[in-house]
Amino acid sequence: MAGRDSRYQNGYGRDRRGQQDGYPDDGYQDGAYQDDGYQDGNYQDGNYQDGSYQDGNYQDGSYQDDGYQDGNDQDGTYQDGGYPDDGYQDGTYQDGNYQDVTYSDDGYQDDGYQDDGYYEEDDTQYGDDPYGDQNRGGKKSSRGNKKHTSGGKKKSRTKRIVLLVVEIAALLVVIGILYLVTRVEKVGKADLSESDLQDNISDEVKQDEENGAMKGYRQIVFFGVDSTEGQLDQKTRSDTIIIASINESTGEVKLVSVYRDTLMNLSDDTYNKCNAGYAKGGPEQAINMLNMNMDLNITDFVTIGFGGLTDVINALGGVEINVDEDEITHLNNYQSTMAKELGIDYTEVTSPGLQTLDGLQATAYCRIRYTYGWDYMRAARQREVLYQVIKKAQAADVSTLTTIATNAFDEIYTSYDLNNLISDVTSIANYSVVEESDTSAMQNGFPQADYRIQANLSNSLGDCVVPRTLTENVQWLHQFLFDDDSYQVSDQVQTISDYIDEMTKDAVPEDLTDADHA
């Protein structure tokens, strides 16, 4: 196909006006390849980039190993290219027209990262449309000049139809393969280096695990990342970090949050907010960081984004949450932002009190931090939602849990394989979760209120939660998780603690007030 056929206009992308692409019943509306950045299709009329499928229009080998074009979009509508190294471009790719920087935020807490992907009140975009007006671009049709002679007209037409069917079938195969490859690359089973994990667990912890108070326990860490695009493996900050400690003998489970802005050694002798560990080196570095700074032996993790959490909660029929009056506005604003990002509708919460929140409402509730308590209270909300999710899961039958685990596997990134995930999820009724009597007291968090300060370190780190001291916090943690009242920290933790104390000796503590974050 040497030119664009009028039936395949609009870049095979999803036309907001609902036009079809002329394909037979291929399951894709308007040719929409909608996962992992392949939107609005780059397979126009045989012009498959990188020369792997074309009709003479070989275009500069622009199909690169990250699955994205290098800016050689047809019709010149690919503007201000600029691929960042995380494989995502900085705009919205719609209707074949790549817009310039329509998804923006003014920076992550003074350190150059997005602030959780939220459009918060202090960014003047809270609840607003983050995308702006869509540049749909114009449609062009290049049919070419067709000349026919009277002889062989039917034969020529039949040949063209056969070629068209073959080409469409080939394109569908290519699209299907790319779809499967990119999904597998972004979610599902993660292969962690067991030797690397073991190297970052101290000898003292290994001995405690064999013969001490940690014997018979295992820990799983849950990471929640600010991603709606399926980017779960790294290069996104883990703004939820919850460690679940399981007593294998009794089935007792305890949850503790690690505050995202906690100053830690990122496991490579650099010091930053702990949620930077995941962005820098994915779950493996984040786990190494937690083990090094907290004397733990975590080897398993589950990472989930906004869309995945929303779907899991919906599959369980929602969760019961007591919503306060001052939380309603923030909850609905977060819903509005996420609904646009996920392309779904939402239902506003209109009154306070105990009520069943659907998946999007509960996920939005987990993100609220602009009330008294700042991020400490947000972490408490996250634990409250997780407690309720576990309760609903314990009441569900095995068939329902198996279905949920199977479906969720496509929306999470984890060290589990699918069979082990199903096994753990379907046996959840055998566990007993130790809930906080009052999550608003913000007790089950690391570092503890009595052993921390919040301070602006007046450098690239910005506002941090500083453990004072790390050793005392680790001792509290082992007493809480393992009932060890006499724990002595490892030499590794003592060294890190001393370094943080010296690094922050001039830090001025901030007071926790309503005025600062109302």
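Residues numbered from 1 in each chain as written. Predicted model: local features only at pLDDT ≥ 70, side-chain atom pairs only at ≥ 80, totals over all residues. Heavy atoms only, no water.

A few words now on empty space enclosed by the protein. With the rule as written, the count across this model stands at four cavities of 30 Å³ or more. In this structure, the largest cavity spans a volume of roughly 1,100 Å³. In terms of lining residues, the largest cavity is bounded by 43 residues, among which Phe 222, Val 302, Leu 386, Val 389 and Ile 390 are the most central. A breakdown of the residues in the lining of the largest cavity according to their chemical character gives 33 nonpolar, five polar and five charged. (1 Å grid on protein atoms, 1.4 Å probe; cavity = no way out; pocket = protein on both sides within 12 Å on 5 of 7 lines; lining within 4 Å. Points joined across faces, edges and corners; volume = space filled by probe spheres on them. Nonpolar A, V, L, I, M, F, W, Y, C, P; charged D, E, K, R; others polar.)

Counted by the stated rule, this structure contains 13 salt bridges. Taking the shortest distance from any N to any O, the salt bridge between Arg 260 and Asp 239 comes out at 3.7 Å. Note that Arg 260 is positioned in the loop between β6 (252-258) and β7 (263-265) and Asp 239 in strand β5 (residues 238-247), a separation of 21 residues in sequence. Pair check on accessibility: Arg 260 and Asp 239 agree, each one buried. Among the ionic pairs, Arg 260 bridges to Asp 375, the shortest N-O distance being 3.9 Å. Taken together, the positions of Arg 260 in the loop between β6 and β7 and Asp 375 in helix α8 (residues 374-395) put the pair 115 residues apart, joining distant regions of the chain. Of the two residues, Arg 260 and Asp 375, neither departs from the other in class, the shared state being buried. (Salt bridge = Lys/Arg side-chain N within 4 Å of Asp/Glu carboxyl O. Helix = DSSP H or I, 4+ residues; strand = E, 2+ residues; numbered from the N terminus. Buried < 20%, exposed > 50% of the residue type's maximum accessible area, 1.4 Å probe, protein only.)

Structurally, the position occupied by Gln 335 is in helix α6 (residues 328-342). For Gln 335, a relative accessible area of 0% translates into the label buried. Each C-alpha atom of the pair Gln 335 and Gln 361 lies 6.4 Å from the other, and the pair is 26 residues apart in sequence. Beyond its immediate chain neighbours, meaning those up to four positions away, Gln 335 contacts Tyr 346, Thr 347, Glu 348, Val 349, Leu 360, Gln 361 and Ala 364. (Contact = heavy atoms within 4.5 Å.)

Helices that pack against each other are described as a pair by the angle of their axes relative to one another and the distance between those axes. Running from N to C, α6 and helix α7 (residues 359-366) cross one another at 120 degrees; their axes reach a closest spacing of 8 Å. Comparing their axes, α7 and α6 come out oblique. Of the two possible hands of crossing, α6 and α7 adopt the one that is right-handed. Mapping the contact onto sequence places Leu 331, Tyr 334, Gln 335, Met 338, Ala 339 and Leu 342 in α6 and Leu 360, Gln 361, Thr 363, Ala 364 and Tyr 365 in α7. Of the residues assigned to the contact of α6 with α7, the class counts are eight nonpolar, three polar and no charged. (Axes fitted to C-alpha atoms, helices over the stretch in contact; angles between N-to-C directions. Parallel < 35°, antiparallel > 145°, perpendicular 65-115°, else oblique. Left-handed = near helix turned anticlockwise from the far one by under 90°.)

Once that is clear, we can look at the packing of aromatic side chains. For the structure shown, the criterion picks out seven aromatic pairs. In this arrangement the basic side chain of Arg 381 is found over the ring face of Tyr 365, its NZ or CZ atom lying 6.0 Å from the centre. The ring of Tyr 376 has Arg 452 lying over it, and the distance from NZ or CZ to the ring centre is 3.8 Å. (Phe/Tyr/Trp six-rings, centres within 6.5 Å; stacked < 30°, edge-to-face > 60°. Lys NZ or Arg CZ within 6 Å of the ring centre and 35° of its normal.)

Side chains of a nonpolar character, in soluble globular proteins, are inclined to be buried together. Counting residues in each nonpolar core, the largest one holds 50 residues, and the members touching the most others are Val 221, Phe 223, Val 258, Leu 290, Met 294 and Phe 446. Ranked by residue count, the leading element in this core is helix α4 (residues 276-294), at eight residues. Formed by 44 residues, the second largest nonpolar core is a distinct cluster that contains Ile 304, Ala 393, Leu 401 and Ala 408. (Core = buried A, V, L, I, M, F, W, Y, C linked by side-chain atoms within 4.5 Å.)

A large share of strand β4 (residues 217-225) lies buried, amounting to seven of its nine residues. Sheet topology note: the β4/β5 ladder contains nine bridges and is antiparallel. Paired with Arg 218 across the bridge in β5 is Ile 246. Summarising the sheet, β4 and strand β9 (residues 300-304) pair through five bridges and their orientation is parallel. (Pairing = 2+ DSSP bridges.)

Let's shift gears to the side chain of Asn 297. Note on placement: Asn 297 falls in the loop between α4 and β9. For Asn 297, the contacting residues outside a window of four places in its chain are Ile 201, Val 205, Glu 209, Met 214, Gln 219 and Asn 291.

On to the state of the cysteines. Applying the stated rule across the entire model yields zero disulfides. Cysteine Cys 464 is unpaired, with the sulfur of Cys 274 as its nearest cysteine sulfur at 9.6 Å. Using a relative accessible area of 0% as the deciding quantity, one classes Cys 464 as buried. (Disulfide = S-S within 2.5 Å.)

A few words now on the confidence of the model for the protein. Overall, the predicted model of the protein reaches an average pLDDT of 74, with 61% of residues at or above 70. A low-confidence stretch, residues 1-150 (pLDDT under 50), is modelled with 306 contacts involving residues beyond four sequence positions or located in other chains. Counted against residues more than four places away or in other chains, residues 176-186, with its pLDDT under 50, gives 21 contacts. (pLDDT = per-residue confidence, 0-100.)

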